[in-house]
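# Tertiary structure, described
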Amino acid sequence: KDGQPLPTTLTELYKLIMQNFVSRAAHKSEAEESDHRALLQLGKLALRGLKQGRFVFDLEKEVQPVCGDEATRLGLLQEFRTSSVRGTWREVQFCHLTYQEYLAAYFVSHAADAVEEFESCLGTVGVGEETGPFWRFVAGLLGPRRVSTLMEFLKRAQQTDGDANSFRQYMFMMSCFAEAMQQDTDLVEASNMHTDSEDAEEVLPDKK
């Protein structure tokens, strides 16, 4: 929009992308009040996929039980049919891997505050260059006031193996820290305040 500053971080860019998806869906369905909950539900699914190294989900068995009709309303999933000798079924995947990473981070940013909660919530998600965008999103969504907890978790999770690897780990940590520190604190706090406690309790308990 005219007069609106351009995003300066990866997190800000994807916040804007998600807002565009939400605005378009809300315009079609007039259901704006459920958009935040829908993002949490999709984030829960996205995180489960990252933990299992999976990017394709069975629509009826995996997606609809978690997300219900919200699964496809926002337009963040693309559907296709898979056929085999067992028959034909409907599957979905996120329109882009970075959408899955952002939504998983969105879920984490509302589900975890303490280091132990990060450990419980994140499970087998790897820490390193391969999952770098996901961690940068988590840091950016947590913002300056909450990033110290994430940094402590990452410090515990990383395994140091030689000086060269240590340097890569240091650069990875610094990229996450920089992502958080460049966020507007007031905007981050407002975003976190948007979480409705009852919605969160309904969506968050199963962190598998």
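Residues numbered from 1 in each chain as written. Predicted model: local features only at pLDDT ≥ 70, side-chain atom pairs only at ≥ 80, totals over all residues. Heavy atoms only, no water.

Attention now goes to the sheet that holds strand β1 (residues 57-58). What holds strands together in a sheet is hydrogen bonding between their backbones, with the strands either parallel or antiparallel. Strand order in the open sheet formed by 3 strands is β1-β3-β2, and the pairing between neighbours is antiparallel. Every interior strand has two partners, whereas the edge strands, β1 and β2 (77-84), have only one. Two strands pair when backbone bridges link them, and β2 and strand β3 (residues 87-94) are joined in this way by 8 bridges, in the antiparallel orientation. Each bridged residue has a counterpart across the sheet, and for F80 the counterpart in β3 is E91. (Pairing = 2+ DSSP bridges. Helix = DSSP H or I, 4+ residues; strand = E, 2+ residues; numbered from the N terminus.)

A cluster of nonpolar side chains, F167, Y170, M171, M174, F177 and M181, forms an exposed patch at the surface whose accessible area comes to about 600 Å². Looking at the element boundaries, Y170 is found in helix α9 (residues 163-181). Looking at Y170, the relative accessible area reads 48%, which means it is partly exposed. (Patch = residues over 30% accessible without salt bridge, like charges linked within 9 Å, V, L, I, M, F, W, Y side chains within 5 Å. Areas by Shrake-Rupley, 256 points an atom, 1.4 Å probe, with all protein chains shown as cover. Salt bridge = Lys/Arg side-chain N within 4 Å of Asp/Glu carboxyl O. Buried < 20%, exposed > 50% of the residue type's maximum accessible area, 1.4 Å probe, protein only.)

Attention now goes to the pattern of salt bridges. One pass over the structure, following the stated rule, counts 4 salt bridges. A salt bridge links R54 to E62, with the shortest nitrogen-to-oxygen separation between them at 2.8 Å. Close ionic contact of R90 with E79 constitutes a salt bridge, the shortest N to O distance being 2.6 Å. Linking R90 in strand β3 with E79 in strand β2, this pair joins segments that are 11 residues apart in sequence.

Structurally, the position occupied by Q100 is in helix α5 (residues 97-111). Once you skip the residues sitting within four places of it in the chain, Q100 turns out to touch A46, G49, L50, R54, F55, F57 and F94. (Contact = heavy atoms within 4.5 Å.)

To continue, consider the packing of helix α6 (residues 115-122) against helix α8 (residues 147-157). Axis angle and axis distance: for two packed helices, these are the angle between their axes and the distance between the axes, and together they describe the pair. At their nearest, the axes of α6 and α8 sit 9 Å apart, and the two run at 60° to each other. Of the possible angle classes, the one that applies to α6 and α8 is oblique. Note that α6 runs across α8; the crossing there is right-handed. Contacts between α6 and α8 involve V115, E116, F118, E119 and L122 on the former and, on the latter, T149, L150, E152, F153 and R156. A per-class count over the contact of α6 with α8 returns 5 nonpolar, 1 polar and 4 charged. (Axes fitted to C-alpha atoms, helices over the stretch in contact; angles between N-to-C directions. Parallel < 35°, antiparallel > 145°, perpendicular 65-115°, else oblique. Left-handed = near helix turned anticlockwise from the far one by under 90°. Nonpolar A, V, L, I, M, F, W, Y, C, P; charged D, E, K, R; others polar.)

A few words on the nonpolar core. Counting residues in hydrophobic clusters, the biggest one holds 54 residues, and the most contacted among them are F134 and W135. The biggest single contributor to this core is α5, with 9 residues. Those residues within four positions of W135 in sequence are excluded, and the remaining contacts are L122, V125, G126, V127, G128, L150, F153, L154, F172 and C176. (Core = buried A, V, L, I, M, F, W, Y, C linked by side-chain atoms within 4.5 Å.)

Attention shifts here to the confidence of the model for the chain. In the predicted model, the chain carries a mean pLDDT of 79, and the fraction of residues at 70 or more is 77%. When pLDDT is averaged over each element of the chain, α5 comes out on top at 93 and helix α11 (residues 197-203) at the bottom at 48. Residue range residues 193-198 is modelled with pLDDT below 50. Its contacts to residues more than four positions away, or to other chains, number 5 contacts. (pLDDT = per-residue confidence, 0-100.)

Another aspect to go through is helix α3 (residues 59-67). Inspection of α3 places L59, V63, V66 and C67 among the buried residues, and these make up the whole buried set. Taken around the axis of α3, the buried residues stretch over an arc of 115°, which confines them to a single face. Opposite the buried face of α3, by more than 90 degrees, sit the exposed residues E60, K61 and P65. Where α3 begins, the side chain of D58 points an oxygen toward the backbone nitrogen of E60, at a separation of 3.0 Å. G68 lies just past α3 and shows a positive phi near 60°. (Arc of directions from axis to C-beta. Polar contact = N/O pair within 3.5 Å; in protein donor to acceptor, adjacent residues only side chain to side chain.)

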